[in-house]
Every structure is written in structure tokens, then in C-alpha cells.
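# Structure at a glance
Listed here are the chains, written in short residue letters.
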Amino acid sequence: MGRYVLRRLLQAIPVLLGTTFLIFAIVYALPGDPLQALAGEKRVDPVFAAAMREQFHLNEPLIVRYGYYLRDIVSGDFGTTFRGLPVSTIFEGKFQVTLKLALTAVIFEGIIGIGLGLWAALRRGRWEDKAVLAVTLLMVSIPTLVSGFVLQLMLGVKLKLATGIDFFPVAGVQDGVRSYLLPGFVLAMVSIAYLTRLTRTSLMETLRADYVRTAIAKGMPRRRVLGRHALRNSLIPMVTYLGADLGTLMGGAVITETIFNLPGIGQQLFLSVYLRENPVVVGIVTVLVLIYIVANLVVDLLYAVLDPRIRYE
Amino acid sequence: MSNDTLPATAPAQPTGPAKGKRPASLWSDAWYDLRRNPVFIIGAAMITLFIAVSAFPGLFDTVGVDSSTCDLAVARKGISPQHWFGTDNLGCDVYSRVIHGARVSIIVGIVSAAVTGVVGGALGLLAGFYGRWVDVLLSRVAEIFFAIPSILGALLILAVIGRDNAGITSVVFALALLAWPMILRIMRAAVITAKHQDYVMAARALGAGPGRIMLRHILPNAVAPVIVVSTINLGAFIAAEAALSFLGVGIQSPQISWGLMIADARNRFVEAPLPLLFPALFLSLTILSVVMLGDAVRDALDPKLR
Amino acid sequence: MVTNPSIDTHPLSAEVGQEPLLAVDNLHVEFTTRQGVVRAVNGVSYTVHAGESLAVLGESGSGKSVTAQAIMGILDMPPARIPKGEIRFRGTDMLKLSDQARSQIRGQRIAMVFQDALSALNPVFTVGWQIGEMFRVHRGMSKRDAQKKAIELMERVRIPAARQRVNDYPHQFSGGMRQRIMIAMSIALDPEVLIADEPTTALDVTVQAQIMELLAELQRESNMGLILITHDLGVVADVADKIAVMYAGRIVEGAPVHDVYKNPAHPYSKGLLDSIPRVDQKGQELYAIKGLPPNLLDMPSGCAFHPRCPYRRDNCVTDVPPLYEISGTRGSACHYYREVLDGTLG
């Protein structure tokens, strides 16, 4: 196990370097003046530009500039906003919002996705199974953009008009946990469908596995065969999925927070794009990508805990 | 194998011989399955319609999308004989705009899926076939691109490119740049499996060159999973385009995109939901048709995944 | 003339005497598939006494494994169905028992060893956990005691350094050692009947002999009834007391092992024997049974073996042969078994 962890950590280093370089290259190597790109819509004053070139080391070779950029990231400097504030200050208070939103989504995903998936797998081929497949087909076809507005209108606005009770607040975070219910579900919807299908296929596959037959032949009670022998093995692909899904959730959070007016990182990203505050865009994306890589590292380690074949490779 | 009708405990034998009644090859077998699959037929019919609409919007629209057809006096009106889907904030005909919006979705989806399929597929073929440093290099590079969630990455790329240069090309570029590694991985794995098959060994022993082996022997046997994933990706690209256009970095006005229409209708959404709901509905229907197609193709080409 | 369980009587019946431990009686198993109903087992009968070894021989698809799975009660129903027949364990028809009662027998009194131990053992649990599970679940033992028992069992099947290896995972063992673990798990609760389904097929030849030896030895020690399912006549001779040869879901010959080896009474068993490579026939072409195993969805008329039979006569195409009784312990489902025995046919 120790060797696996060490190897996996070492492997993450080139990915971290490569990914930060990629982000750096996107900003500086794409067509257009990087200064203009960083400045956004504002006209660039020549004197200011010269100073900026100096400050951003734009006269140095690309690789040296990357070195500076990397040094900034490591020291926690993700750039400066137009008002001269460090980008990192923007994160304050916003991370909690996004984290709560993501957590709500993951809880929905886990409960509904895994639950429906198990149910469908155990009723394989019957109408319940087919209904789950049809519903998930619809769910993956409705993008967050659509489900967000539609559910906001139906469950938020219309339901409140019809009943006079505000079941699901549709904007802001003033209502605590309740504020996150609808956005969390919207954010999770596509992922719920995928996780349902993955759980279903995965469990169906393990239920056919020889070791499940062995467990039955050992006289193990049905609950134990399912819960210990089959489910434990089905978890492996599901955990892998959760890692990759975090990326989808991050992208979806931008849309969801914008629709529901949640003051999180996603909404900030949208606003910064809107205001063409590119340093902030770059800073936020960099932070989110780093979180994504680290989260996937954790998932990989979890994977090893679940599957001894990986651990002792 | 049609083994999925039997559990693992059943004898492997009985289902085998019955296969003989059907055509033997993977492709003709798949086509046989597809023609009989209602999911495929409905999906294919829908997507054909959407492609026709995007190719010849003039045949389907009512008043066109010229700014002269808009009339602020009838802004945000409901469904009427003149305006089947009502009118938007500027008094433009929503139906005509929805019809014209199909083009962007279809083009971005198909071109992005094709570009990632070809680029990722070709690189995956090389990585899987040559192995060693070629594989190490390509796989490492792919891993780096893979580590950036695609919507975030595309948002960054498009923000840097700037709104003035944004359009279909830049959206396709941003989406494809981050999506090819997934195809590379799938192709690479399929090629490595195919490479060790007996017929490839035999072709090699008979002196076939690497190019011939790759294209004639390995590719046809490794391309199925790539087609499956590319079809599924197609839907994701269409959704991504709408999201990026909604966020303001994708397609720009006066071009028409469903994502953009949703963004424009957003502010008066509660009082006038139609201008938002109709593009949303058609966006979902387009994705649904592609997802149905993908589901059917996957079932046909890879019965194990069922 | 037609006797069903004609191999009911043990060749050593003087010692065993009483009722068989396990009796399969006119068992039928069918599978509903998309292509139609597959009749995998068509009226199979055999018995096993305590301390006795029965080898069930046949190609894949002959129904030998399905019969074993029916005995264990691990067939998936549906698609499987048992329209007819009995499986009596100590006189009780297990097919009539409740699920509850059945699972009290399964694993504890009738146990099974599977072919491929790598896939039959759960990859994510240690071997000690998997063996110990028998004691924890069925005997309510503590984790610690179960672990101790697991080590004892691993030692009993002669796994070196059992104490150190008890916390290893299946993939860390060699093929032979994995099969020993599978065996240890199956004998954990001293079952009365052990079914070994092709226990050596996945193994190297040298290891095969060791595993067979281990099985034979464990059987002698504990006086279990052993059902050995195999397609390999070569492994049977030393271990089995009697043989049931299966073809297309039926028993075509049932007899004490030496009778079959000396002089088979069915063209199919004769074909199987002739296809074993022998040192004294070095240089000669090896015999092979012509044709393919039958399609169970579309069974040949009459005797299922007739399309491949070198001794075929006209009535073989039309009449299904019953299991003719040759002697008290022997039967053959061939219309011309006398001629096959005498070597006067073909």
C-alpha cells in the first residue's frame, strides 16, 4: 500500500506541472496580445503596458515566464483583480457556498443514483428496470441549463404561487439548507442518471460473477451475498466515476449558481467572464483544476483501498 | 455472444449455435440489431429531422430571423397563429429563431465529435500500436489535458480568445482541445487488445507492413468503442455549446444559438417563460435524440455493456 | 428392462449397504432463452454414498455442471426451471424444501469446489476472511476464532506458511494454491457431500495430480461422498469408484470405473477412451470423435449421439434409447450396447 501511495503521488507531479503549464500556455500562446487578454476590454495605455510587460515578465522566454507563474501558484498568488485585490481574497466566503452546493448534489447523487441503480439491477428486465432506464435516458438528455430554469419555474415560482408556501427558495442562500435543495438537485440531475446506470450495470455484472455464485454455494444469506460480496465489488467503478464526475459538477456549478443566484465560486467565474476580468478567470480555473487533480488523487487512493489487486500491483 | 440472456451459471453451449442463423460479422450483426431497435429508429428519425432543419432552416421557418421581422410592440406575446412559439423580449418570432438555432448545435456537436474522434482515434492508434515511448509520450500528454474539466477549460480558452473572436470555430476548438484524450484512451485500449489477436499476429508473420496492419487489420476491430463514445460525446458537446453560449463566451449575437436565446430570455423569464422554454425544449430534444442513438449503437456494438 | 437408476447399487454395496447419501432421480432442467427453451438436463439419475466417489464425465454442454448446480441449488431460476425430477439428500427431496431449509444444507452439508478459483474467490477479501466467513456466518464464531479455524484449514490443505498467508488476497497465490484455498473453504464445515466441478481444468498438469490427490485424501479422512465433474477421463481412474458419462443432458453410460476403462458399453464412452493419448500408441494418429456437440436448441432425433456415431443403425435416428441395464451396477443408453461391448459392431 505504501509503495502504491508513493508511486501515485509521484505520478501526480508531472500532471500538476503539465496542467499548470497548459493553463499558462492557453493564456499566453493563444492568438491575441496576452496583455490585452489580461486587460480585457480596457484600452491599454503604452506606459502602463511597458510596466505590465515588466511586471508579468513578458519580455522573458516562455519557459522562464512559466517558472514565475508556477512560483506564484505555489506561494498562493493566483493573480490580481482590476481593483488590485489578490484573486485569493475573492474566494473568501464563496468556497463555502460552492462546497455546500456540491455536497448537496453529491448526497442526492449517492442516495438516488445508487438506490435507483440497485433497484433496477435487482429487477433486471422487468418493467421497473425498463422504467429506470427510460427515466435516466430523459435525465441525461436535459442539460443543467434547462433543468435549472424549468425546475426553478415549476417547483420554485409556480408551486409557491399555487400553495402560498415557499418550498424551494429559488435564489440566494438566505434560507440555509433549504436554499440548496433545488440547486443541488439540478446540479446533480445528469450525474444521478449516469450513476444510476453505472450502478445498475456494475451490480448486474458482479451479480453474474463467479465469486457471487461461490458465496451462494457457501450458503450465505441473500442479504449478505448482495451487501458484502456483490456490492463491495460494484463500488470500485462507482468510486472511479465520482472522481471524474467532480469535473462535471464544477462545470455545472457555474450554470447552477448563475441560475439560482448563489454567491459561490461558479457565479463569480460567470461574473468575471462577463466583466472580462481575465486574471480572475485564470485564477479561479487554476484553483478549481488543482482541486480536481487532488480530488482524483484521493479517489485513486480510495480505489486502492477498495481493490487489493491495485494495491499490490 | 448473446450470452446475456443466461446467467453465468447456465451452460455456455446452448446459445452459441443459434447464432448461426444470423450474419456473423460485428457490423452486420449490429445493423441487424439496430434496425429492430425502436430506440434507434426514433432517435435516428429525430436527429435526421434536426439535421434537415439545420441544413435548410428556410424550409421550416415562418417569418425568418431578419431584424425587420421583429416588432417591439408585440414583445413577449404568447402563442398565436403568426407566432407559433410566441415572441421574445425584442418582439422577434421565437419559432423561427428556434429553427435557425438548430444549425449551431448540430454543427458544433458533429464537428467536435468528428474532430475528437479522428484526432484522438489516430493518436490512440499510434500509442497502442507502437507502444514504448510513443505510448508514454502520448498518454502523458493526454493525461494532462484530461486533468482539466472540459467546461472550465473551454470557459478559460474562450474567455482568453475574447468575445470578438468567438464563434462556432472557437467553440469547437475549445471543446475538442480538451475532449480528445478520452478518445485516445479508449482507442489505445482497443488497439492493444486487437494487437494481440491471432489474425494480427498472422498478418505480421506474413510480412504485412505496420501501416497495412494498423489500417486493415487493427482499426476495423478497434473502432467500435470509439464510435460508441463519440456518439455519446456528441450529446455532451451540444449541451456544452449551449452552456458556453449561455455564459456569454460561445456563440455571439447576431448569430442564433439556443444557449444564447436562453440567456436573452432569462431576465424576464418568470413573466414570459416561452422564449426560454422553447429553445430549452429543442435543446433537450436534440440531445435526447443523440443519446438514444448512442444507447442503441452501444447496445448493438457492445452487448456486454447492456 | 429399462431401469432408471441402474447405477444405484454401489460396487462396494456390501460395505455401504444402506440408502444413498444423495440421489438424483430423473432430473430435468431447462433454460428459457431468447432463442427458445434449452433442455440442458433430460432425466439424469445417479447416486452417491458416503465415502464413495462418482465421476461425471462429459463435454461442456452435456449438462454435467447444470446437474451439479441443481444439486447445490445455485441455478438462476428463471431462466432455469426444474420441470421434473427429485434430488434426495438423506431421503428428503431438496427441491421441495423451503429456501430457508435449503440454505441450511448448502455450504454446510453439501459443498462445492469450482473450476476457476481465481474468479470463484472474491478478489477484494483476504482468503482468511473468505474461509472464516463460513464459521462466522454458519457457526456464529468470533472473528478471531474464525481466523484461527481458517489457518487450521489452510494447513490441512497443505498451504505452506498458512499463518503468514491468511491475510493475503486470492490474486497473490498461485493457481494450485488458490484451488487449495477453494477446497479448504468447501470442507470448512465438514460437508457430507462434496461436488468438485472441473477442479483441475484450469491448472498445470503437475499441479492437477496434487489437487486430485488432496481431494481423494480429504475424502478418505472424512468419508464424504464426492461428485467429481470432469471432461478428462485421464484424471478419473485413480480417484473415482464409478462413472456416469453424460451426453446432451442424459447419462449414456453408468458403471464402475474399471468396467468402463476395460470395456466401454456406449460408442460415446468408447470414443472418449480412444481419444486419450497413450504411450503404447505412440506414433499412431490420435482418435477423435467426429462432429460437434449437439445444439441443445435443436436436438437430433432419436439417439442424440447418432450424427456422430460410427455404429449408427437406422433405428438410432428414430428411437431414443433408454438406459439398458447390463448388470446390477451398469447401464448403457445404446440400442447396440451388446455389440459395442463385444466389439462386433462397426
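Residues numbered from 1 in each chain as written. Chains lettered and ligands numbered in written order. Predicted model: local features only at pLDDT ≥ 70, side-chain atom pairs only at ≥ 80, totals over all residues.

## Let's talk about the overall build of chain C
Let me state the cut-off plainly: Secondary structure elements are taken from DSSP: a helix is a run of H or I of four residues or more, a strand is a run of E of two residues or more, and numbering for both begins at the N terminus. For the radius of gyration, the atom set is restricted to C-alpha positions; the globular benchmark scales as 2.2 Å times the number of residues to the power 0.38. Three classes are used. A residue is buried when 20 or more other C-beta atoms lie within 10 Å of its own, exposed when 12 or fewer do, and partly exposed in between, with C-beta atoms placed from the backbone. Contact definition: two residues whose C-beta atoms, as placed from backbone geometry, lie within 7 Å.
Looking only at helices and strands, chain C features 14 helices and twelve strands. Radius of gyration (C-alpha) of chain C: 21 Å, near the 20 Å computed for a compact globule of 346 residues. Each principal axis of the C-alpha distribution contributes one length, and for chain C these read about 65 × 50 × 50 Å. Looking at chain C as a whole, 48% of its 346 residues are labelled buried. Nonlocal contacts in chain C, meaning residues at least 24 apart in sequence, comprise 65% of its contacts between residues at least 6 apart.

## Structural notes on the sheet that holds strand E7 (residues 193–197) of chain C
All names here are of chain C. Which entries qualify depends on this criterion: Note on pairing: two strands pair once DSSP finds at least 2 bridges between them. Axes, fitted as lines to C-alpha atoms, cover a helix only where it is in contact. Angles between the N-to-C directions of the axes lie from 0 to 180 degrees.
Spatial strand order, E6-E7-E8-E3-E9-E10-E12-E11: eight strands in an open sheet with mixed pairing. Two strands in the sheet have a free side with no partner beyond their single neighbour: strand E6 (110–113) and strand E11 (324–327). Pairs of neighbouring strands in the sheet enclose a mean axial angle of 20 degrees, with direction left out of account. Pairing between strand E3 (residues 53–57) and strand E9 (residues 242–247): four bridges, direction parallel. Considered in E9, the bridge of Val56 is made with Ala244. On the sheet, helix H2 (residues 64–72) packs against E3, E6, E7, strand E8 (225–230) and E9 and is oriented at approximately 145 degrees with respect to E7.

## Here's the deal with the pairing of E8(C)
Residue and element names in this part refer to chain C. Operational definition: Crossover handedness is defined by viewing with both strands directed away from the observer: a clockwise path from the first strand over the helix to the second marks the crossover as right-handed.
In terms of residue burial, E8 counts as a mostly covered element, since six of its six residues are buried. The side-chain alternation of E8 yields two buried faces, one formed by Gly225, Ile227 and Ile229 and the other by Leu226, Leu228 and Thr230. Note: E3 against E8, five bridges, orientation parallel. Of the residues in E8, the one forming a bridge with Leu54 is Ile227. Inspection of the sheet shows E7 paired to E8 by five bridges, in the parallel sense. Bridged to Val193 within E8 is Gly225. You can see the chain leave E7, run along helix H9 (residues 205–222) and come back into E8, and the turn it takes is right-handed.

## Some words on the environment of B:Leu155
Topologically, B:Leu155 is positioned in helix H7 (residues 150–161). Sequence-wise, B:Leu155 and B:Met214 are 59 residues apart; in three dimensions their C-alpha atoms are separated by 36 Å. Residues in contact with B:Leu155, not counting those within four places in the same chain, are A:Leu269, A:Val273, B:Leu244, B:Leu247 and B:Val249.

## Here's the deal with the environment of B:Ala114
Residue and element names in this part refer to chain B. Relative to the elements of secondary structure, Ala114 occurs in helix H5 (residues 94–130). Overall, the presence of 14 C-beta atoms within 10 Å leaves Ala114 in the partly exposed class. Spatially, the C-alpha atom of Ala114 lies 9.9 Å from that of Asn233, the residues being 119 residues apart in sequence.

## With respect to the nonpolar core
The tendency in soluble globular proteins is for nonpolar side chains to be buried side by side. Our working definition: Note on terminology: a nonpolar core is any set of buried Ala, Val, Leu, Ile, Met, Phe, Trp, Tyr and Cys residues joined through C-beta atoms within 7 Å. Domain start and stop positions are those given by an automatic or database domain assignment.
Grouped together as the largest cluster of nonpolar side chains are 151 residues, with contacts concentrated most on B:Ala154, B:Leu155, B:Leu156, B:Leu158, B:Leu175 and B:Ala243. Ranked by residue count, the leading element in this core is helix H10 (residues 210–247) of chain B, at 18 residues. A domain split of this core shows at least three residues from each of domain 1 (16–90 + 267–313) and domain 2 (94–263) of chain A. Here B:Leu158 is in contact with B:Ala166, B:Ser170, B:Val171, B:Ala174, B:Leu244, B:Val249 and B:Gly250, once residues within four sequence places are set aside. Membership of the second largest hydrophobic core comes to 116 residues, among which are C:Val29, C:Ile181, C:Ile187 and C:Leu226.

## Some remarks on the domain arrangement of chain A
Residue and element names in this part refer to chain A. Quick note on the threshold: Lys, Arg, Asp and Glu make up the charged group, whereas Ala, Val, Leu, Ile, Met, Phe, Trp, Tyr, Cys and Pro make up the nonpolar group; the residues left over, Gly among them, are polar.
Taken domain by domain, chain A holds domain 1 (16–90 + 267–313) and domain 2 (94–263). With 14 residues of domain 1 at the contact, the number on the domain 2 side is 15 residues. Within the residue set of the side of domain 1 that touches domain 2, elements represented by two or more residues are helix H12 (265–274) and helix H13 (278–306). Per element, the largest residue contribution to the side of domain 1 that touches domain 2 is eight residues, and it comes from H13. Looking at the side of domain 1 that touches domain 2 residue by residue, the class counts come to ten nonpolar, three polar and one charged.

## Focus: the packing of helix H6 (residues 94–122) of chain A against helix H11 (residues 222–260) of chain A
Residues and elements named next belong to chain A. Note the following rule: Any angle that is under 35 degrees is reported as roughly parallel, and any over 145 degrees as roughly antiparallel; angles of 65 to 115 degrees are reported as roughly perpendicular and all others as oblique. In a left-handed crossing the near helix is turned counterclockwise from the far helix by less than a right angle, and in a right-handed crossing that turn is clockwise.
Packing of H6 against H11 leaves a shortest axis separation of 11 Å and a crossing angle of 115 degrees. Here H6 is positioned roughly perpendicular relative to H11, judged by the angle of their axes. The two elements H6 and H11 cross, and the hand of that crossing is right-handed. Every residue of H11 that contacts H6 at Thr98, Leu101, Ala102 and Ala105 is listed here: Leu249, Ala253, Thr256 and Glu257.

## Concerning the interface of chain B and chain A
By a widely used convention, the size of an interface equals the accessible area lost when the partners come together. On the chain A side, the residues contacting the 42 residues of chain B number 44 residues. Within the residue set of the side of chain B that touches chain A, elements represented by two or more residues are helix H6 (132–146), H7, H10, helix H11 (258–265) and helix H12 (274–301) of chain B. Considered class by class, the residues forming the side of chain B that touches chain A number 33 nonpolar, six polar and three charged.

## A look at the sheet that holds strand E2 (residues 36–48) of chain C
Residues and elements named next belong to chain C. Taking strand neighbours across the sheet as the criterion, the four strands line up as E2-E1-E4-E5 in an open arrangement whose pairing is antiparallel. Two strands close off the open sheet at either side, each with one partner strand: E2 and strand E5 (92–93). Bridge count for strand E4 (residues 80–89) against E5 is two bridges, and the pairing is antiparallel. In the strand pairing of E5, Phe89 is matched with Thr92.

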